[in-house]
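Structural features, examined
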Amino acid sequence: MTRNRLGDETSPYLLQHADNPVHWWAWGEAALAEAKQHDKPILLSVGYAACHWCHVMAHESFEDAETAALMNQLFVNIKVDREERPDIDSIYMSSLHLLGEHGGWPLTMFLTPAGEPFWGGTYFPPTPRYGRPSFRQVLETIARIWADERDKATGNVAALREGLAKLSVATPGGAIAIATIDQAAEQLTRSFDPVHGGIGGAPKFPQCGIFELVWRAALRHAGSSRADTFARAVTTTLTRICQGGIYDHLGGGFARYATDEAWLVPHFEKMLYDNAELIELLTLVWQRTREPLLEQRVHETVAWALREMLGEGGAFASSFDADSEGEEGKFYVWTEREIDALLGPGPDAALFKAAYDVRPGGNWEGHTILNRTGAPELRDAADEAVLARCRAVLFETRAKRVPPGRDDKILVDWNGLMIAALANAGACFERPEWIAAAARAFDFITTAMTSGGRLQHSYRLGRAQHAATLDDYANLARAALALHEATDQIGYLAHATGVFDVLDKHYWDAAGGGYFFSADDTTGLITRTKTASDNPVPAGNGTLVAVLVKLHLLTGAARHRARADAIVAAFSGELGRNFFPLSTLLNSAEFLGRPVQAVIVGGSTEPATRALQRAVLLSGVPTRVLSVVEDGAALPPDHPAHGKTRVDGRSAAYVCIGPTCSLPLTDPGALTARLRQPG
């Protein structure tokens, strides 16, 4: 019996389509068997809950009875949530790129009954426009080719099969030198917008891996003109993002990206991963600049996450939609009349309107997107207090509006990013409640989302499902190490170490090196992808290099260092082709090449130890590793600080680079200065 089967799913995105007249299937063996039985091509539609154009295509085509009837007649229709099944999305998005098309969502791919792609696109309108054929025209053309000219389809299948196979084979190389990383940073810096920050022109994304790469270059060359150029590119960018319309000035949190070059007009959805990465980066840069704006945005964004993104068991939901009441951005924008009615006449309202770009005609489609890009510098304390009171009034009123939809599924990889961000920021800003929130989310994932010693990628409505990806294990291992540093609990270190029992067995490519994105026992995939290229989130292979380096330094296990070297070697040849998406790998390679170990010998609860520990946490050195031991003899025998002691009974710190350690340091200021010496 043909019917729409999505009502049996838990994904909010799939459930949004459960009432479509389309006979949707979820991805799985049953759907593929249906296609094979009837020799029908598969129409694969991939999207996500916060995707504006996914909603547009759904309203125009999937809710239309005549279009749905055509889809049901000609195809087996499969709907996939790209966040729930990133393994599937990565395969078919790569296929679209191989066809010479730009990527994006909704992803619309046409497959053989065996699941092999032969043609595709993204959004298709209901009538011909934007230089694109109508969706119905596409359906009829593809069905005709399948029926009458199948050799064309099978020819594409063979070419795409070969192309996908090549994408899973990385270009190997050797170690990545610091000079190579510097060259990448210099070339990227030349791409920055000197006025508004960010890379290039519109649209602009908060590409945190790239921003961190350039920031690290500034730290390496501290005191030089190169450092000033690197640092200015990043600080300008972060200031403009923090004061732009991409930031929610009332409720906190950052939108996915800006549609313009000045960060004014966001694509209004909010994603967990963007906010986690920005919390992390803002914290890192603040440690050196002490810029109040960055600190304020960290606190506000964490407050947003803890207020609006918490889900079951203390883990974090995935996203907020861009639309409410069928309109993009409606929840977030204002008219001058609305603001006048709330703030009334007088100097406070005038100050607010001047600061936040409130005009009679608005700054976007007749409405105002609140922003402070015109004068991004913070005002004096009195003015900022007035602005805060005004924001509170607007926030209270906005809370009564119909909010955007929230996708409350819990994803391991994105939660790993937020857990690490909260643990690191909590330790830096002395906010133990942030660390506790990170620990609760970690505990939920390692219990409710683990079965038989293996992680499940997604959780909702009491169901953990779908085999974990490489990114799940990588980000959760990194989160475990962040919690270990923030709490000094050895169990987190043990978890990070244990991750590699699974990864090495089920994900490692014994032939070519590096880890595959999916496990060797994940079913229903036509290939296994392998990459070190970042997407909106850091690539798992790049992340794991840093995780392995830290594990090597903390445990002394040489196998971790060897595995980190092997990952870099597996992918470093890619730098000659395109280094732009390899920021995480490059940042981790810097850590691999020159880690800075800060070892504090002293009682963990002693005030002197705490002061030295605080100096390390606030040093703003992204390549440092912190160890606190009662006695240096507790360190691995080959650790350069093995056997180091206190000084006259006082806690002492040792900064070790390679096999050499500094003289003992008992003054926090001296420790900070030693850590910050450029290498």
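Structure's up top.
Each residue is numbered by its place in its chain's sequence as written, counting from 1. Under the rules for a predicted model, residues below a pLDDT of 70 receive no local features and side-chain atom pairs below 80 are neither given nor counted, while totals for whole chains, interfaces and linings still include all residues. Heavy atoms from the whole structure form the basis of all side-chain values; hydrogens and water molecules are not counted.

1. Structural notes on the side chain of Lys79
Strands here mean DSSP runs of E at least two residues long; helices mean DSSP runs of H or I at least four residues long; both are numbered from the N terminus. For Lys79, the location among the structural elements is in strand β3 (residues 76-81). Comment: no salt bridge for buried Lys79; closest opposite-charge side chain is Asp81, at 9.9 Å. A 3.5 Å cut-off defines polar contacts: any pair of N or O atoms within that distance qualifies, except that in protein one atom must be a possible hydrogen donor and the other a possible acceptor, and neighbouring residues in sequence count only when both atoms are side-chain atoms. Here the side chain of Lys79 touches Tyr13 through a polar contact of 3.0 Å, side chain to side chain. Those residues in contact with Lys79 that sit more than four places away from it in its chain are Leu6, Tyr13, Leu14, His17, Trp24, Trp25, Ala26, Trp27, Ser45 and Phe62. Under the scheme applied here, a residue whose accessible area is under 20% of the maximum for its type counts as buried, over 50% as exposed, and between as partly exposed, the area being computed with a 1.4 Å probe on protein chains only. The convention is simple: Lys and Arg are positive, Asp and Glu are negative, and His and the chain ends are not counted. Here, a salt bridge means any Lys or Arg side-chain nitrogen found within 4 Å of an Asp or Glu carboxyl oxygen. Here, residues are in contact when the closest pair of their heavy atoms is within 4.5 Å.

2. Let's talk about the sheet that holds strand β12 (residues 406-407)
Only strands that DSSP links by at least two bridges are regarded as paired with each other. Reading across from one edge, β8-β9-β12 is the order of the three strands in this open sheet, with antiparallel pairing throughout. The outermost strands of the open sheet, each flanked by one partner alone, are β8 (270-271) and β12. With two bridges connecting them, strand β9 (residues 319-320) and β12 associate as antiparallel partners. When the sheet's bridge partners are listed, Ser319 is paired in β12 with Asp407.

3. Details of the state of the cysteines
For the purposes of this analysis, a disulfide is any pair of cysteine sulfur atoms at a distance within 2.5 Å. Throughout the structure, instances matching the rule amount to two disulfides. Disulfide pairing places Cys51 opposite Cys54 at an S-S distance of 2.3 Å. Because the torsion about its S-S bond is 80°, the bridge between Cys51 and Cys54 counts as right-handed. Classification of Cys54 as buried rests on a relative accessible area of 2%. Two residues, Cys656 and Cys661, share a disulfide whose sulfurs are 2.1 Å apart. Across the S-S bond linking Cys656 and Cys661, the dihedral sits near 100°, which makes this disulfide right-handed. By the burial criterion, Cys656 is buried, and Cys661 matches it. For the protein chain, the disulfide bridges join cysteines in the arrangement 1-2, 3-4, where the cysteines are counted in sequence order.

4. Observations regarding the packing of helix α19 (residues 490-506) against helix α20 (residues 540-555)
Axes here mean lines fitted to C-alpha atoms, for a helix over just the part in contact, with angles spanning 0 to 180 degrees between N-to-C directions. Packing of α19 against α20 leaves a shortest axis separation of 11 Å and a crossing angle of 125°. The pairing of α19 with α20 is recorded here as oblique in orientation. Pair α19 / α20 crosses with left-handed handedness. Listed contacts from α20 to Leu493, Ala496, Thr497, Phe500 and Leu503 of α19 are Leu544, Val547, Leu548, Leu551, Leu554 and Thr555. When residues are grouped by polarity, Ala, Val, Leu, Ile, Met, Phe, Trp, Tyr, Cys and Pro land in nonpolar, Asp, Glu, Lys and Arg in charged, and all others, Gly among them, in polar. Classifying every residue of the contact of α19 with α20 gives nine nonpolar, two polar and no charged. Here the word oblique covers every angle except those under 35 degrees (roughly parallel), over 145 (roughly antiparallel) and from 65 to 115 (roughly perpendicular). Handedness of a crossing follows from how the near helix is turned relative to the far one, being left-handed for an anticlockwise turn of less than a right angle and right-handed for a clockwise one.

5. Some points on helix α2 (residues 29-38)
Of all the positions in α2, only Ala31, Leu32, Glu34 and Ala35 are classed as buried. Projected down its long axis, α2 shows its buried positions confined to an angular sector of 155°, all on one face. Across α2 from its buried face, at more than 90 degrees, point the exposed residues Ala30, Lys36 and Gln37. Where α2 is buried, its residues touch β1 (24-26), β2 (42-47) and β3. Just downstream of α2, Asp39 is the residue with a positive phi angle, here 50°. Read the arc as the range of directions from the helix axis to the C-beta atoms.

6. Structural notes on unusual backbone geometry
Residue Pro106 is bonded to the preceding Trp105 through a cis peptide linkage, with omega at 10°. Structurally, Pro106 can be placed in the loop between α5 (86-98) and β4 (107-111). Positive phi values are uncommon outside glycine, yet Asp39 reaches one of about 50°. Tracing the backbone through its elements, the reader meets Asp39 in the loop between α2 and β2. A residue is classified by how much of its surface remains accessible, and Asp39, at 38% relative accessible area, is partly exposed. Positive phi values are uncommon outside glycine, yet Asp648 reaches one of about 50°. Mapped onto the elements of the fold, Asp648 is located in the loop between β18 (624-629) and β19 (652-657).

7. Let's talk about the packing of aromatic side chains
Here is the rule: rings of Phe, Tyr and Trp (six-membered ring for Trp) pair when centre to centre is within 6.5 Å. Planes less than 30 degrees apart are stacked, more than 60 are edge-to-face, and the remainder are tilted. Tallied over the entire structure, the rule returns 24 aromatic pairs. Here the aromatic rings of Phe75 and Phe110 are separated by 5.4 Å at their centres, their planes lie at 50°, and the arrangement is tilted. Placement of Phe75 in the loop between α4 (65-74) and β3 and of Phe110 in strand β4 is noted, with a sequence separation of 35 residues between them. Of the two residues, Phe75 and Phe110, both sit in the buried class. Through a chain of ring-to-ring contacts, three or more aromatic side chains come together here, namely Trp24, Phe62, Phe75, Phe110, Trp119, Phe124 and Phe135.

8. Here we look at the sheet that holds β18
Adjacent strands of a sheet form backbone hydrogen bonds with each other and so pair up, either parallel or antiparallel. With mixed pairing, four strands are arranged side by side in an open sheet as β18-β17-β19-β20. Each end of this open sheet is capped by a strand with a single partner; those strands are β18 and β20 (660-661). In this sheet, β19 lies alongside strand β17 (residues 596-601) in antiparallel orientation, the contact comprising six bridges. Its bridge partner lying in β19, Val599 is registered against Tyr654.

9. Let's talk about empty space enclosed by the protein
A water-sized probe rolled over the atoms picks out the places where empty space is left. Cavity and pocket criteria rest on a 1 Å grid covering protein atoms alone: a 1.4 Å probe that fits but cannot get out defines a cavity, protein on both sides within 12 Å along at least 5 of 7 lines defines an open pocket, and an atom within 4 Å of a point defines a lining residue. Grid points are joined across faces, edges and corners, and a volume is the space filled by probe spheres set on the points. Summed over the entire model, instances satisfying the criterion amount to one cavity of 30 Å³ or more. Empty space within the largest cavity amounts to approximately 160 Å³. If you go around the largest cavity, you meet 14 residues; those closest to its centre are Gly245, Tyr247, Asp248, Phe268 and Tyr332. Across the lining of the largest cavity, the residue classes break down as nine nonpolar, two polar and three charged.

10. Quick look at the side chain of Lys204
With respect to the helices, strands and loops of the structure, Lys204 is situated in the loop between α8 (178-189) and α9 (208-220). Among the residues examined, Lys204 registers a relative accessible area of 1% and is labelled buried. Reaching out from Lys204, the side chain makes a polar contact with the side chain of Asp193 at a distance of 2.8 Å. A distance of 2.7 Å separates a polar atom in the side chain of Lys204 from the backbone oxygen of Gly197. With residues up to four places along the chain from it excluded, the contact list for Lys204 reads Asp193, His196, Gly197, Ile199, Tyr257, Ala258, Asp260, Glu261 and Trp263.

Any functional reading would require information beyond the geometric quantities listed.
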